[in-house]
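# Report on the structure
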Amino acid sequence: MAENRPSTKSFRLARTSIGVLLVAMLVTAVAGWLAFLISRQAVLNSVAHESLSLAQTLVNNVEFELNDSKVSSQERTDLLEHIAEVWEHQERPFDNSFVCVVGSNGNVELHSAKPDMVGISVASSVINPNAAERKTILDLLASKGSLAVQNKDFFGNDQLAGYAYSPSMDALVVVHVPASSVESHFLSTALPWVLALAFMATLLIPISIGLSHLGYLSSDREAEQARQSQRQSDRRFKAIFDSTFQFIGLMSVDGTLLEANQTALNFGGLKKEDVLNKPFWETYWWRGDDDRVQQLKGAIARAAQGEFVRYSVSVLGAESEEIIDFTIQPVFNDDGKVVLLVPEGRLITEQRVAEVKLAESEERLKAVIDTEPECVKLLDKDGRVLSLNPAGLKMVEAESLDQVLHQSIFPVIDDEHREAYMAMHERVMQGETAQLEFGMYSLNGAHRWMDTHASPFRDATGKVIGHLAVTRDITQKKMVEKQLRFTQFSVDACSSPIFWIRQDASFFYVNEAAALKFGYPRDALLSMSVHDIDPSYPAEVWPDYWENMQKKKTLNFTTEIKCRDGFMIPVEISTHLLETEGEEFVFAFVTDIAERKVAEDLIRVNEARFRALVENSYDVISMFSTNGRMVYTSPSVKRVLGYEPAQIIDINPGAILHPDDRESVAAVIKQLVGQADSISHGIYRLRHKNGSYRTVEATATNLLDEPGVNSIVTIFRDITERYVAEERLRERETALAHVARVSTMGEIAAGIAHEIKQPLHAVANFATATTVALRSAPEDSIQNPQLSEDLVEWNGAIKTAAQRATAIVQRLRKYANKSDQSVETASVVTLIGEAIDLIAFETRRHKVEIETDIPTDLPDVNCDRIQIYQVLVNLLKNAYEVLKLSNSDERKIWIRATQMEGQIQLSISDNGSGIDTKKQGKIFDAFYTTKPNGMGMGLAISRTIVEDHGGSMSVEENEYGGATFAFTLPVASKCLASSQERVDAV
Amino acid sequence: MQYNPTVYVVDDDQGARDSVRALVRSMGVTSEAFASAEEFLNQFDASQPGCLVTDLRMDGMSGVELQQKLAESGIHLPVIIITAHAETQITVKAVKTGAVTVLEKPCREFELFDAIRAALVQDAKFRKNVGAQKQFQEKFETLSADERKVLEFMMEGMANKVIARRLDVSIRTVENRRQRVFEKTGTDSLAELVRMVVETKAVSISE
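About the criteria used
- Residues numbered from 1 in each chain as written.
- Chains lettered and ligands numbered in written order.
- Predicted model: local features only at pLDDT ≥ 70, side-chain atom pairs only at ≥ 80, totals over all residues.
- Heavy atoms only, no water.
- Helix = DSSP H or I, 4+ residues; strand = E, 2+ residues; numbered from the N terminus.
- Buried < 20%, exposed > 50% of the residue type's maximum accessible area, 1.4 Å probe, protein only.
- Contact = heavy atoms within 4.5 Å.
- Areas by Shrake-Rupley, 256 points an atom, 1.4 Å probe, with all protein chains shown as cover.
- Pairing = 2+ DSSP bridges.
- Axes fitted to C-alpha atoms, helices over the stretch in contact; angles between N-to-C directions.
- Patch = residues over 30% accessible without salt bridge, like charges linked within 9 Å, V, L, I, M, F, W, Y side chains within 5 Å.
- Salt bridge = Lys/Arg side-chain N within 4 Å of Asp/Glu carboxyl O.
- Lys, Arg positive; Asp, Glu negative; His and termini not counted.
- Charge placed at Lys NZ, Arg CZ, Asp CG, Glu CD.
- Buried area = accessible area lost by both parts, 1.4 Å probe.
- Polar contact = N/O pair within 3.5 Å; in protein donor to acceptor, adjacent residues only side chain to side chain.
- Phe/Tyr/Trp six-rings, centres within 6.5 Å; stacked < 30°, edge-to-face > 60°.
- Lys NZ or Arg CZ within 6 Å of the ring centre and 35° of its normal.

This next bit is on the overall build of chain B. Helix and strand content of chain B: ten helices and five strands. Buried positions account for 43% of the 207 residues belonging to chain B. A fraction of 65% describes how many contacts in chain B between residues 6 or more apart in sequence connect residues 24 or more apart. Of the accessible surface of chain B, which amounts to about 10,900 Å², a share of 48% is contributed by carbon and sulfur atoms.

Right, here's the structure in full:
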C-alpha cells in the first residue's frame, strides 16, 4: 500500500536527523491519513468492480447453461438454485458478501444471505446514491445495464455492489459486499499499521534515535519487525489487488502510476520498479503505438476532470498484445475534487478479441488493398464480394463499391471458366491456395483476362471465412500473346514463302510454304543462305544489296529461285528491313509469279464464261441502282424491247413501263429495297421501241449488299405470246362461266317470272281502279278531294310496283351479263344481299329460311363482282335444291362471313342431306353432278372463279348434317398482290 | 233488306293486297285485307255478305286450301283465286269445290273487276234465294203424305187420270189433292212448283 512507503522513508530519515524527523513525522501523519482515506476509497471501488465481475461470472454461468434461449419457470428455479450453488463454491474475498437475484418486476428471487428477503420488492431502491443521475433497480433492469457501485443495502447499510444483467432470465444478479466487512478487513490490516506508524513516529522514533547511539541492531530489529508487519499487511492487502483477474492500478491526477497489481505486472512481464512513479503512458504496456499513447493521455486528462473514461484498447503484454476493456475511474475527495485515478483493465473475452482482431485485420487488409495496384478482393464462402479495392473496381469498370458489394462474383466469370473458377473457390475455402487464369466480363460487358492468386482468408481461430484473391488484368498480355500467335500462325501458314534473313545472308526463319515451294526440308533451308537459292545474289554482291536495303528499308524486285530439283521459279520478292535490339533482319515475302499468271488466266476465263452466259441469255438480265437507274443490261434486251443496251441504259425505266403498271412497280421496288435478299416476281408491260407493249415476267432480287453486285438484279422474259394465250384461255373460262350463269338463269327463270308478275299484277289492279274510279265518278267529281287523293296514291303505287319490276329485271340481267373481267372493290354484305334476292322466290317457295351472320366491320374484297355473284348464287341454289328434297319442316341456309389474315371466308351451310363423303373429292370436277338435270359445271366453275381470285374453295359436312361450302377472297388492301396472284394463277 | 257486302282480300304480298283493295274501293265497296289465310279465318264474320279474293301461293295455307276449308265449313262465300301459274289441275280442283273464278296474274283489264262484281251479284242472289227457299220448305213440310205423292207424280208430268189409276183413287180425289198442294205451297203454276222443289231439293229431302 502506498501509505507505508513514506513512513518507511521517514523512519529512515529519523535515524539521521531528529529535526527533519519531527517535520517528517508530521508530514507522514498527514500523508498517512490522506493515503488511508484514498486507499480506502480505491479499495472500495475495486471491491465494487470485483463484485460486478463476480456477478458477471454468475450471469455468464447462467447464460452458458442456457444457450441464449429464454427460460421457463422450472428452468428459472433451476437456474436460481444453480446460482446459489455456484455462489456457495465461489471463492469470495469477503465472508459476508452475498448474492441476490432481482427479477424483472424488482422482486428478490434469490438471496444467499437472507432467504426471507425472497419475494420482497426492491424495485425502487436507488442503486447509485452518489451519482448525479440516480437510478433505481427498475431503471437498471430496463436499461439491461450492468453497474458497479457503492451504495446502501435494503437495510441502509453501506455496501459495495456489482449488478450484472442476465438477458435470458431478464434479471439482475447482484453481488453485495457489505462495506463494513471490507472496512473491517481494511482496518484490521491497514489501520493498525497506520496507528502503529503514528505511534512509532511519535514515541519510538526518539527512542530509536537514542538507541541508534547504542547500536543499530535493536533499532534494526524493531525496524525489521515493523517492516515485517508492514509486509504482512501489505501482502494481505495486495491479495485483494492481486487476486483479481483484472488489471488495477492507481495513478496520480497527472497520470503518474503509483501502483499496479500483480495481474497487470505479470501480463507485461514487469516488475514494479519498471513502471511505478512513471507517467502511465510511458510504461511498457503502451509502448510502440503513438495513437494509443495519445488516446491514453486524453483519457487521463478527461478522468482528471472527473469523468469516468472507458474504451477498448490493445495493450502490450510480455507475450502478446491483448484487447482490454480499459477504464479510468476518478477518485474524489470530500470536496469533490479528483485526487486519484484508478485505471483498470479487463481482458475482453476471446471471442471479442477475435472479432476485434478480425476487424483490425480487415482494417489492415483494407489499407493494403486500397493502395494495391492489382485487384484485391475478398469473397465470402458463397463467392459474394465482401471487399474490393479501387484497382479491382477499375478492373470490373464499377463506379462504386456499392455496385459490386455482396454480389456474387460467379456470374461475371465467362462461361468457359466459370466452373473452373468455382472449383478453385471451393479449394480455397477448403484452405488451399490456388492460381487461375480466367476470362470475365466487366460490368460494361468488356471481356477481360485475369490471372488470380487466391488464398484462404482466416479468422483469429484459423477458420477459413473467406477467399482472398489478388488478381491481375492480363487482357493486354493475352491480346499480345494472341496477336503473336496469330501473327506467327499467319506467317507459318501463309501460302507464300516467307524468309527472315540475317545480315550474313543466312536464314533466321523460313516458313513451311518456303520449304514446300522450293522443295527443301525446312531444317535444311535454315542452314542455307540466300546465295544457295538465288544465284543472282552471290556472296560478292550481298554486301551491296544489304547496304542498299539499309538505305531504302524496302525493296521490291523479281528474281528466280533455284529449287532443290534444280528448277528455277520466277518470283517477285518484297523485302523489308527490320532493326531490333541492335540487329538487322530482312523480311522477304516471296510471290510465285508463275502461279499468279495461271490464276489470272483462270479468272479471265471464268469471267468470260459468265459474261457469255449473261450476254447470250435469252432472258434479259439487268442491274438497277437503288434510285431505279439501270446500270447494266444484257444484250438480249434488244430482242425484247428493240433497244441497244447502251441506248436503254440512258432511258428512265419508268418511261417504258406501261402507265398502269408504274404504281405497282414502285411499290415492289420499295418493298425490295427495304429488305436485303428479298425477291419479287411480277408480270408487267414494257414499251417496245416500236411503240407496242410487251408483256414480261420479271424476277427482281435485292443484291445491294452483295459485294461486287451492289444492285437490284432483274431478270425478265418476254411472255407476250404466252400471256396472250393465257388471256385467251381466261376469256374462254369467262365465257364458260357466263354460259353457266345463263344456264342457271334458265333454272331460276320460273321463279323470276313469278316474282315479276307480282308488281305487274299490282300495276294492273291500280290501273283498273283508276279507270273505274274516273269512269264512275260524276263529271265534276274530279274536284272531289277524296277521289284525287286516291288517284295520287294509286299512281304512286303503280310507280313503286313498276320500279320493283324493273329491279327484278335488272337483277336478272346483271346475272346474265358478260363479265368484263374487271376487278373492283366490293362489299361482301352487298354481294350476299344481291345473291339472296336473286333466289328469294325459290327459297320462299320451298320455305327455306336464310340466316346471315356477317360482321358489320368486314372489309371490302377485291373481285370481279359478277363472277363472285355467280359463285354465291350457285352455292345458294345448290343449297336450296338439296333442301327442296328435304322432308324436314325446318329448311335452313346459313351464310357466314369471317375475316382471317388478309382474307375473308364466306361459308354457306344447309341442313339438307349433306354430301356423300365418297363424292366429296369429285364434287368440284367438271360434268360431275348429283342432280338429275344438272350440267355438272356449277361447282367446277365456281372453284375456278374463286381460285382465279387468289382464294380457295372447300366443302365439308356440318353440324346440321348438311354441307358447308366455304371459299376465301383476299381483302381489298391487297389490291396489287391479288391481281398479281391472279395473273400467276392463270 | 239492304245488301252491304265486304270484299275480303287475302295475299301475303303487300303491293298486291293494296292494289286489289284500291280496285274494290273504286267500285265503292268496302274491303278488308289479310296477310294470310289463317288470319282471315280467325277474323272474318261468316254472316256478312261479300266475296273473297285470295292469292294462290302464300306462306302457310294456300288459296285453294282456304277455299276448301270454307266449303267444308258450309260457308257460302264466293271465292276468286288469283294465281301466277294458271295450272289446270289447280283450276279444276278449285272449280270442283265451288270457287267462282280462277284468274291468272297479272289480270287483264277489268278481269278482276268483273269477277268481283259477278261474285257479289252471285252472293246477293244466293242470299235472296236462301230466304225464298226457306219459306217454301216450311210450306212444303205442311203437305200430307198423299199430297206429296201426288206432287211427286205431278213433277214426273203424269196426268190426273194416270195418277188416279196409280194411286187407285178417284180422279176427283187427285184433283182435290192437287188443288191443296198448290194452295199449301203458295204456287200458281206447275212450272213454279217444280222449280221451287228442285231449288230446295224438297223432294229428295222428304225421302
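Moving on to the sheet that holds strand β15 (residues 464–473) of chain A. Residue and element names in this part refer to chain A. One open sheet holds the five strands; their spatial order is β12-β11-β15-β14-β13, and the pairing between them is antiparallel. For this open sheet the edge positions go to β12 (385–388) and β13 (434–441), each flanked by a neighbour on one side alone. The average undirected angle you get between the axes of adjacent strands in this sheet is 30 degrees. Sheet analysis places strand β11 (residues 375–379) next to β12, joined by three bridges and oriented antiparallel. Bridged to Leu-378 within β12 is Ser-387. The sheet contacts of helix α12 (residues 415–429) involve β11, β13, β14 (447–458) and β15, and relative to β13 the element is tilted by about 140 degrees.

So, about a negative patch on the surface. The grouping of Glu75(A), Asp78(A), Glu81(A), Glu85(A) and Glu88(A) at the surface amounts to a negative patch. What makes Glu88(A) exposed here is its relative accessible area of 54%.

So, about the interface of chain A and chain B. At the junction of the two partners, chain A supplies 22 residues and chain B supplies 27 residues. Of the roughly 2,000 Å² buried at the junction of chain A and chain B (both faces included), carbon and sulfur atoms supply 59%. In this assembly, chain A and chain B are joined by two salt bridges. A salt bridge links Asp13(B) to Arg804(A); the shortest N-O distance between them is 2.8 Å. Our count for the contact surface shared by chain A and chain B stands at four residue pairs in polar contact (both at pLDDT 80 or more).

The next subject is the pairing of strand β31 (residues 953–957) of chain A. Residue and element names in this part refer to chain A. Bridge count between β31 and strand β32 (residues 963–970): five bridges; the pairing is antiparallel. In the sheet register, Glu-957 faces β32, and the bridge partner there is Ala-963. Hairpin remark: β31 followed by β32, antiparallel, with five residues in the connecting loop; positive phi at Gly-961, about 90 degrees.

Let us look at the environment of Glu706(A). Mapped onto the elements of the fold, Glu706(A) is located in the loop between β24 (693–703) and β25 (711–718). Through-space distance from the C-alpha of Glu706(A) to that of Ala676(A) is 9.1 Å; in sequence the pair is 30 residues apart.

Turning to a nonpolar patch on the surface, a few remarks are in order. Residues and elements named next belong to chain A. Taken together, Leu-26, Val-30 and Leu-34 make up a surface patch of nonpolar side chains, about 310 Å² in accessible area. Within the secondary structure, Leu-34 sits in helix α2 (residues 18–66). Residue Leu-34 is classed as partly exposed on the basis of its relative accessible area of 46%.

A few words now on the pattern of salt bridges. Residue and element names in this part refer to chain B. Throughout the structure, instances matching the rule amount to 36 salt bridges over all chains. The salt bridge involving Lys-105 is made with Asp-55; its shortest N-O contact spans 3.1 Å. Of this pair, Lys-105 sits in the loop between β5 (101–104) and α5 (111–141) while Asp-55 sits in strand β3 (residues 50–55), and the two are 50 residues apart along the sequence. Taking relative accessible area as the criterion, Asp-55 reaches 4% and is therefore assigned buried. Here Glu-111 and Arg-108 are joined by a salt bridge, their closest N and O atoms 3.0 Å apart.

As a further point, take the packing of aromatic side chains. All names here are of chain A. Tallied over the entire structure, the rule returns 26 aromatic pairs over all chains. On the numbers, 5.4 Å between centres and 75 degrees between planes, the contact of Phe-280 with Trp-286 is edge-to-face. Trp-286 sits in the buried class, given a relative accessible area of 1%. Centre to centre, the rings of Trp-894 and Tyr-960 are 3.6 Å apart; their planes meet at 10 degrees, and the pair counts as stacked. Of this pair, Trp-894 sits in strand β29 (residues 891–900) while Tyr-960 sits in the loop between β31 and β32, placing them 66 residues apart in sequence. You can call Trp-894 buried: its relative accessible area is 8%. When its relative accessible area of 26% is taken as the criterion, Tyr-960 is described as partly exposed. Ring pairs connect the aromatic residues Phe-280, Trp-285, Trp-286, Tyr-311 and Phe-326, which therefore count as one cluster. Directly above the aromatic system of Trp-449 lies the positively charged group of Lys-478, at a separation of 4.1 Å from the ring centroid. A cation over an aromatic ring shows up here: Arg-639 above the ring of Tyr-618, its NZ or CZ 3.7 Å from the ring centre.

Attention now goes to the sheet that holds β32(A). All names here are of chain A. Strand order across the open sheet formed by five strands is β27-β29-β30-β32-β31, with mixed pairing between neighbours. Each of the sheet's edge strands pairs with one partner strand only, and the pair in question is β27 (848–853) and β31. Put simply, the sheet's adjacent strands are angled 20 degrees from each other on average, direction ignored. Against the sheet, helix α27 (residues 865–884) contacts β27, β29, β30 (903–910), β31 and β32, and its axis sits at roughly 145 degrees relative to β29.

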